[in-house]
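Okay, here's what each chain looks like letter by letter:
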Amino acid sequence: MSGVDPERLLTAAQCDELLRRVLSFARGGGQTMVRATSWWQGELRWGRNRVNLSSDRRDISLTIYRRIANGSLGIVVTNQLDDASLQFATAAAERKSRLDAEAGLGYGHFPKLPEYKPYTEGKIWSDATYDLTVEERAAAARSMIAPAEKKGLLSAGYLEVRGATMATLGDDFPELRSGPLAYWHMPFTRWTHAYCSTTVRDATGSGSGWAGLSSYDWNAIETAALGERALEKCLASRNPVAIEPGRYTVILEPQAVADLMEVLVPSLQQREPPEGGNPSPWRLGFDDALGLWRSKLGLKVVDERITIEHDPSDPRLGILMSPTELPGPVKWIENGVLTNLGHFFSTDIVKLEGRYRLRGPTGYRMSGGTTSIDEMIATTRRGLLVTRFSNIRLLDGESLLATGLTRDGLWLIENGKISKPVKNFRFTESPLFMLNSIDQLGESVRVFRPARGRGGSPTPAIVPPLKVRDFSFTSLVDAV
Amino acid sequence: MSISRRTLLKYGMQAGLLMAMPRPLLAQFGDGTPEALPPIQDPRVRALAERALEAARSAGASYSDVRLTHTRIREFHNPTVTSIADLEDMVVGVRVLVDGYWGFAASPVWSPDEMARLANEAVLHARISKQGTPREVDLASAPQVTGHWSMPVKIDPFEVSPFEIVDYLQSLRNFVIRWSDWGQGPNSCSFVVQEKAFANSEGSYCTQRTYRSEGNFVIQLQEKRRTVATGWLDALTPAGMGWELYKDQPLRELILKLMEEVKEHWKLPPKPVDVGRFPAVCDALTVSRMIDMTLGRATELDRALGYEANEGGTSYLNDPFNMIGKHEVGASQLTLRANRSEPGAVGTVQWDDEGVRPDEFTIVENGILRDFQTTRESAGWLNHARGNSLAHSHGCAHAPTALDAPLQHTPNLILEPGAEDLDFDSAIAGMESGVAIRGLNIDMDFQGLNGLGTTDRLYEIKNGKKVARIVGAGVLFRAPELWKGLRALGGRNSSRRYGTFAVKGAPAQRGYHSVTAPPAVFDQLTLIDVKRKA
C-alpha cells in the first residue's frame, strides 16, 4: 500500500459534469459563471531530527458567479457538491445579484470580445510529483535528517507535493459578458508543485544553515544534496563574529537574489502608463505637453547584462497560464531596458481588441553569466557571502528601497577566501540598486519559491548568483 | 454604490431571505444518505467522530483525535451589497499517534466511509514516518471533557440583515465625508462563525460555536482634495464578538476623537530624524505589539526547541528548561499572563484543539521567566526534562479549521498594568525631553530578538508637550534591553485590548489572539533614519 489514492482530484469529466449541473440550476436568464477547483497536498514536516507530522489533505472549492439582468454580481463559495447544496448556493448568488438590481439599465453597452485559444503547451504537471508515495516522502526526509543527526546537529524541514485542477464554465451568451463578468472559459487544467526546504542548526544554536528548492517536478529536487548543503552551511556558520555594518561587496547566492527580486517582480504587473494611485518605479513623470503620464518603457533601467523574461513552454520554469494571456515568451526587461509592463484587463477590453493580456510575470527567468561562486569569492578582496534574505519589507514604492535580514549563513571574504562566519545584518537596499551595481554574474538556476496558499499555483524563478558592489547593511542582528 | 431607500423597500423581502443564506449544507450519517446539516451538538455528528476514532484504533493508533468544522465567513468590502463575499465550508481532519509519530488526513466529506478512510490514511502516514527510528511522545495527561459551549455574543452577525450592516458602514462613511476636509479610506468588515466537534480516543467529546468579528476603518485628512494624513480606527481589531463589536462601541465619538488626533498630528511641524537614543513613551497599541512580537513569540515552547526553525525561526530564550524560574527577561514591573478565557478576546475558547480546557498562566512574573506556552505534547517535553509529570497543557493547541493539524499558537496575552494611575497623555506631560510613539508597526527577526518599528505617528517631546512630528524614523530595539529598560507602565484604566494574528508552521496557518497592554515609558529607544542606507 503506497498511500497514494488515484482519485484525489476532480477529473475533467467530473469538473464538466459539476459545472454543467450548476449551470442547469441557474434559470431565468442573466449570466452565470462557475469555477471548480480541487487540490490535494501530501506533506511531511520534521523537527529535531524526527518527523513530527506526515499528512494528506484535500479540498474542493466551487465558486458561483451569478448576475441577473440589471443586477449586480453575486458570489458564493462552497465546498459541498450535492444537488441541494449547489441549488441553494446558486439561488443565494442570484438573490445577492437581485439585491442591487435597478430597473431599465439592461446590461449596458458591451464590447466585442476577442477569442482566445486555450494554451496547452505549458509544462506544469509531473506524475513524479503527483505519485510520490508516503514512503518516498519519508525516505527523502530521512536522507536529509540522517547526516545531520550523525554529526550531532538538529535538522528541521518540510517537504510538500501538491496537485490541483481547475475549470470554469459560463452560460451560452458570451456577448453578454462585460465588466467584471468578462471572463473566458478556463478549460480543465491541472498542475503539480513540489517543494522542499531544510534548516540545520547546531545543538547550542550558534550556527544555522538552510537549503531549499521547488519545482512542478519532484524529480528536479535532489533532497540529499539539499540536506548536505544545509549541513555544511550550519557547520561553517558556527560561532559568528560581529563586524561593523556598512557598505560591502556582496556575493548573493541565487536564493538571496530571488528573495530581493520579490520586491521588484510584482511591480512589473503595474498598468502602463502608471497614473496616480500607487507609486511605481516605472513612472517617468507627467508630460505637460502631451498631458499624460510617461513611463520608463524603452529606457535602460538596470545593468545591460540583465534580461528578465518568461516562457510558458519552458520545461524548467513551469507556469500556469490563463486563457487570455499571451501564449508565448515575454521579455519584461531586455538587456537592461524596460520592454513590457502588465495590463489591467477587465477595464481594457475595448482597447485590447483581440490582443493578448500581459498579466505581469508570475514566474520568470533572469539572465546570468559564467562566473562561478568560487571565482567570485577568489576575486573579492573584502566582501560578504549571503545565503538568503528573510523578513523583507518594502520601504519606498518608487525606489523599491526595502529592508530585511540576512539569514542562515553569512561569511566574510578577505583576500579571495572565506575567512570567517559573521553575525547577521539588517540591510536597507533596493533591488534596482542591486541590478545596477553588478560586478559578476553566475549561471541561472531554479530557486525555492513556495506556492501561494492551499492548492495555490506556483511562482517559479530562475536566477543567477550575483556579485554586487556597495550593498548597504545598516545594523547588526545577533539572532541566529 | 449606495443602496437607495427605494431599493431597500423593494427588496426588503429578499434581504430577509439573504439572512439565512447560504444554508443548508448536507452531511451523510448512518446509511450514507445525504441529510441537512444539523446543529453541531447533534448526536449523529458524534457518531461520525466515533467512527473515525474506532477506525484509527483498529488500525493500531495509540491515540487519535478528530475535528469536524463548519465555517462560515461573510465579508463586506467598502459598503455595497454587491461586494459581499460569502464563503462556507465543511471539513474534517483526523490525527493519530502511532509509536510516537503523528499522521494526519483531512478532506471536505462528512460521511462514515470517509471517516474510516481518513483514519486509515493517517495511521499509514504515522507508520511510514517511523522508519525504524524511535520517537517518544508523552502526551501530558488531560481530564476527559464533554459538553457544548457557544461563545456568548450579543448579536450573531449572521442573523443580521446584510442590508443593515451595509447601511451601518455607509452611515459611518457619511459621518466622515460630510466634512469637506475628510475623505474615507478602507471601510470593511468580516465575520466568521465556526462550529466544531472534537473527539479523542481518551473519551473526550466536545462541541463549540465560536465567532470572530473585525473591521478596518480609515479616515483621510485632505487638503485641496489630496490626502495629507490618515487615521486608522483601532477599536475594530479582531475580537471574539458578534455585530456588537460595531453596535456597542461609541464609534462616532471615537471617529471624532481620531479626527482631532489626525488634525493635531498634521498641525505639528515636521522634523527629520535625529539619530540617537531617547527616552520614549509608547501607546498601548505599540506596547501590545512589542510584547506580542518579543516575549509572545519567544515563549512558544516548540519554537524555543527548534521545531519551527525552518519556518518562522527559533527563540532568543533558547534554553527553556534551564531558564524557567531563573532567567531575567525584563524589569521587575514586567508581568505577562496568558489565558484563553477572557470574554470578548479573539483567542478565547472553552476547549482547545486537543480538548483541553485552557488555564490562566503566568509567563513572566516580576521580570522573571516563569513558563512557556504549551500543548499536550510540548507539556510532555517539560515533564520529560524534569523527570516528573507535573506539567499540563496550557491549552494552546489550535488549527484554523479541521483541514489543518493543530499546532501551538499564542493564547490571549495580558501585560499587567502599573500601580500608578499613568496614561499616555500624562506620561507625555511628565516627560522633559524625549519621543512619543503611537501605533508602531514592528518587524522582528527570526528569534524574537531584534526589532525594527516604523510609524508616522512619532513625536518629539519637550517640556511635557509634543513639539514636532518626526518623519521617516525607525525604532530599533533588542528585546532583552527593551524590557530591562522599562521604566513605568500605565495604570489599569489605560490598558487596551487589541486582536491580532500570527502565522506559524508548514503548511502555514494563522492563529488569532488578543493582547492587552497599557502604555509604557522606556529609558531609551534608538531612533534611526529608516530610509538611509549605510
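Residues numbered from 1 in each chain as written. Chains lettered and ligands numbered in written order. Predicted model: local features only at pLDDT ≥ 70, side-chain atom pairs only at ≥ 80, totals over all residues. Heavy atoms only, no water.

Trainee: Please set out the sheet that holds strand β12 (residues 336-339) of chain B residue by residue, giving values where relevant.
Mentor: Hydrogen bonding along the main chain pairs the strands of a sheet, whether they run parallel or antiparallel. All names here are of chain B. The sheet built from six strands is open, its strands ordered β14-β13-β12-β17-β26-β25 with mixed pairing. The strands lining the two open edges of the sheet, one partner per strand, are β14 (368-369) and β25 (496-504). For strand β13 (residues 361-365) and β14, the ladder comprises two bridges, and the chain directions are antiparallel. Its bridge partner being in β14, Glu-365 is matched across the sheet by Ile-368. (Pairing = 2+ DSSP bridges. Helix = DSSP H or I, 4+ residues; strand = E, 2+ residues; numbered from the N terminus.)

Trainee: How would you summarise the environment of Asn-219 of chain A if you had to cite specific residues and measurements?
Mentor: By the element assignment, Asn-219 of chain A lies in the loop between β6 (208-215) and α5 (223-236). Residues Asn-219 of chain A and Arg-388 of chain A lie 169 residues apart in sequence; the distance between their C-alpha atoms is 24 Å.

Trainee: Report on the pattern of salt bridges, specifying residues and quantitative values.
Mentor: All names here are of chain B. Per the counting criterion, the structure on display carries 62 salt bridges over all chains. Between Asp-248 and Lys-154 there is a salt bridge, with its nearest N and O atoms 2.8 Å apart. Of the two residues, Asp-248 sits in the loop between α5 (244-247) and α6 (251-267) while Lys-154 sits in the loop between β6 (146-150) and α4 (162-177), which places them 94 residues apart along the sequence. For Glu-264, the salt bridge is made with Lys-466, and the minimal N-O distance between the two is 4.0 Å. In this pair, Glu-264 sits in helix α6 while Lys-466 sits in strand β22 (residues 465-471), placing the two residues 202 residues apart along the sequence. (Salt bridge = Lys/Arg side-chain N within 4 Å of Asp/Glu carboxyl O.)

Trainee: So what about a negative patch on the surface? Which residues, and what values?
Mentor: Residues and elements named next belong to chain B. Taken together, Glu-420, Asp-421, Asp-423 and Asp-425 make up a surface patch of like negative charges. Assignment of secondary structure puts Glu-420 in the loop between β17 (412-415) and α11 (424-429). The exposure class assigned to Glu-420 is exposed, which follows from its relative accessible area of 60%. (Patch = residues over 30% accessible without salt bridge, like charges linked within 9 Å, V, L, I, M, F, W, Y side chains within 5 Å. Areas by Shrake-Rupley, 256 points an atom, 1.4 Å probe, with all protein chains shown as cover. Lys, Arg positive; Asp, Glu negative; His and termini not counted. Charge placed at Lys NZ, Arg CZ, Asp CG, Glu CD. Buried < 20%, exposed > 50% of the residue type's maximum accessible area, 1.4 Å probe, protein only.)

Trainee: Could you give an account of the confidence of the model for chain A, naming the residues involved and the relevant values?
Mentor: In the predicted model, chain A carries a mean pLDDT of 87, and the fraction of residues at 70 or more is 88%. Low pLDDT, under 50, characterises residues 104-108 of chain A; the stretch is placed with 10 contacts to residues that sit more than four places away or in other chains. (pLDDT = per-residue confidence, 0-100. Contact = heavy atoms within 4.5 Å.)

Trainee: So, the interface of chain A and chain B: which residues are in play, and what are the values?
Mentor: If you look at the interface, chain A gives 84 residues, while chain B gives 80 residues. Here chain A and chain B share seven salt bridges between them. For Arg-45 of chain A, the salt bridge goes to Glu-308 of chain B, with nearest N and O atoms at 2.8 Å. Inspection of the region where chain A meets chain B yields 31 residue pairs in polar contact (both at pLDDT 80 or more). Its residues placed into classes, the side of chain A that touches chain B shows 30 nonpolar, 26 polar and 28 charged. Direction of pairing for strand β2 (residues 50-67) of chain A relative to strand β5 (residues 101-107) of chain B: parallel, over a ladder of four bridges. Bridging across to β5 of chain B, Ser-54 of chain A finds its partner in Gly-103 of chain B. (Polar contact = N/O pair within 3.5 Å; in protein donor to acceptor, adjacent residues only side chain to side chain. Nonpolar A, V, L, I, M, F, W, Y, C, P; charged D, E, K, R; others polar.)

Trainee: How would you explain the environment of Lys-423 of chain A if you had to name every residue and give the values?
Mentor: Inspection of the secondary structure puts Lys-423 of chain A in the loop between β16 (417-421) and β17 (424-429). Beyond its immediate chain neighbours, meaning those up to four positions away, Lys-423 of chain A contacts Pro-240, Val-241, Ala-242, Leu-410, Leu-476, Val-477 and Asp-478 of chain A.

Trainee: I'd like a description of the pairing of strand β19 (residues 441-444) of chain B, backed by residues and values.
Mentor: Here β19 of chain B pairs with strand β20 (residues 450-454) of chain B via four bridges, running antiparallel. Within β20 of chain B, the position partnered with Asn-441 of chain B by the bridge is Thr-454 of chain B.

Trainee: Describe the state of the cysteines, with residues and values.
Mentor: Here the structure, examined in full by the defined rule, presents zero disulfides over all chains. Not engaged in a disulfide, the cysteine Cys-196 of chain A finds its nearest cysteine sulfur in Cys-234 of chain A; these two sulfurs lie 17 Å apart. (Disulfide = S-S within 2.5 Å.)

Trainee: Any details on the side chain of Asp-292 of chain B? Residues and values, ideally.
Mentor: Positionally, Asp-292 of chain B belongs in helix α7 (residues 284-298). Dropping the residues within four chain positions of it, Asp-292 of chain B is found in contact with Arg-297, Thr-410, Leu-413, Thr-500, His-513 and Val-515 of chain B.

Trainee: If you had to explain the side chain of Glu-114 of chain B to someone new, which residues and values would you point to?
Mentor: All names here are of chain B. For Glu-114, the location among the structural elements is in helix α3 (residues 112-130). Glu-114 gets classed as buried once you look at its relative accessible area, which sits at 11%. Here Ser-107 takes part through its side chain, which lies 2.5 Å from a polar atom of the side chain of Glu-114. Apart from the residues within four sequence positions on either side, Glu-114 is in contact with Ser-107 and Val-109.

Trainee: So what about unusual backbone geometry? Which residues, and what values?
Mentor: Cis geometry is found at the peptide bond from Ala-506 of chain B to Pro-507 of chain B, where omega equals -5 degrees. Residue placement: Pro-507 of chain B occurs in the loop between β25 and β26 (509-517). One non-glycine residue, Asn-415 of chain A, lies in positive phi territory at about 50 degrees. Here Asn-415 of chain A lies in the loop between β15 (401-414) and β16.

Trainee: So what's going on with α5 of chain A? Residues and values would help.
Mentor: With 14 residues, α5 of chain A extends 20 Å between its outermost C-alpha atoms, agreeing within 8% with the 20 Å of an ideal straight helix rising 1.5 Å per residue. The elements touched by buried residues of α5 of chain A are α4 (134-150), β4 (153-170), β5 (189-202), β6, β14 (382-396) and β15 of chain A. (Expected span 1.5 Å × (residues − 1).)

Trainee: Go over the packing of aromatic side chains with me, naming the residues and quoting the values.
Mentor: All names here are of chain A. Tallied over the full model, the rule gives 22 aromatic pairs over all chains. Look at Phe-389 and Phe-427: their rings are 4.6 Å apart centre to centre, the planes differ by 50 degrees, and that puts the pair in the tilted class. With Phe-389 in strand β14 and Phe-427 in strand β17, this pair connects stretches of sequence that are 38 residues apart. We note that Phe-389, like Phe-427, is buried. (Phe/Tyr/Trp six-rings, centres within 6.5 Å; stacked < 30°, edge-to-face > 60°.)

Trainee: With reference to specific residues and values, describe the pairing of β5 of chain B.
Mentor: Residue and element names in this part refer to chain B. Taken across its seven residues, β5 has seven buried, putting it largely inside the fold. The sheet contact formed by strand β4 (residues 84-98) and β5 spans seven bridges and is antiparallel. Among the inter-strand pairings, Arg-95 is bridged to a residue of β5, identified as Phe-104. In this antiparallel pair of consecutive strands, β4 and β5, the connection spans two residues, and Asp-99 shows a positive phi of 50 degrees.

Trainee: Lay out the nonpolar core with the relevant residues and their values.
Mentor: Residue and element names in this part refer to chain B. Core analysis: the biggest nonpolar cluster contains 61 residues, and Met-290, Leu-295 and Leu-525 have the highest contact counts within it. The dominant element in this core, judged by the number of residues it contributes, is α7, at six residues. If sequence neighbours within four positions are ignored, Leu-295 has contacts with Tyr-316, Leu-317, Val-329, Leu-334, Leu-336, Val-364, Gln-373 and Trp-483. (Core = buried A, V, L, I, M, F, W, Y, C linked by side-chain atoms within 4.5 Å.)

Trainee: Can you lay out the sheet that holds strand β13 (residues 364-366) of chain A for me, pointing to particular residues and giving the numbers?
Mentor: Residues and elements named next belong to chain A. Taking strand neighbours across the sheet as the criterion, the six strands line up as β12-β11-β10-β13-β20-β19 in an open arrangement whose pairing is mixed. Both edges of this open sheet fall to β12 (337-338) and β19 (445-446), since each of them pairs with a single strand only. Judged from the three bridges that link them, strand β10 (residues 308-310) and strand β11 (residues 330-334) form a sheet pairing that is antiparallel. Across the sheet, residue Ile-308 finds its bridge partner in β11, namely Ile-333. The sheet strands contacting helix α6 (residues 254-264) are β10, β13, β19 and β20 (461-463), and the helix crosses β13 at an angle near 125 degrees. (Axes fitted to C-alpha atoms, helices over the stretch in contact; angles between N-to-C directions.)

Trainee: Tell me about the confidence of the model for chain B, and please be specific about residues and values.
Mentor: Residues and elements named next belong to chain B. Scored by pLDDT, chain B has a mean of 92; 93% of the residues are at 70 or more. Low pLDDT (under 50) marks residues 1-24, which in the prediction has 61 contacts with non-local residues, meaning those over four places away or in another chain. ipTM for the predicted complex: 0.90, alongside a pTM of 0.92.

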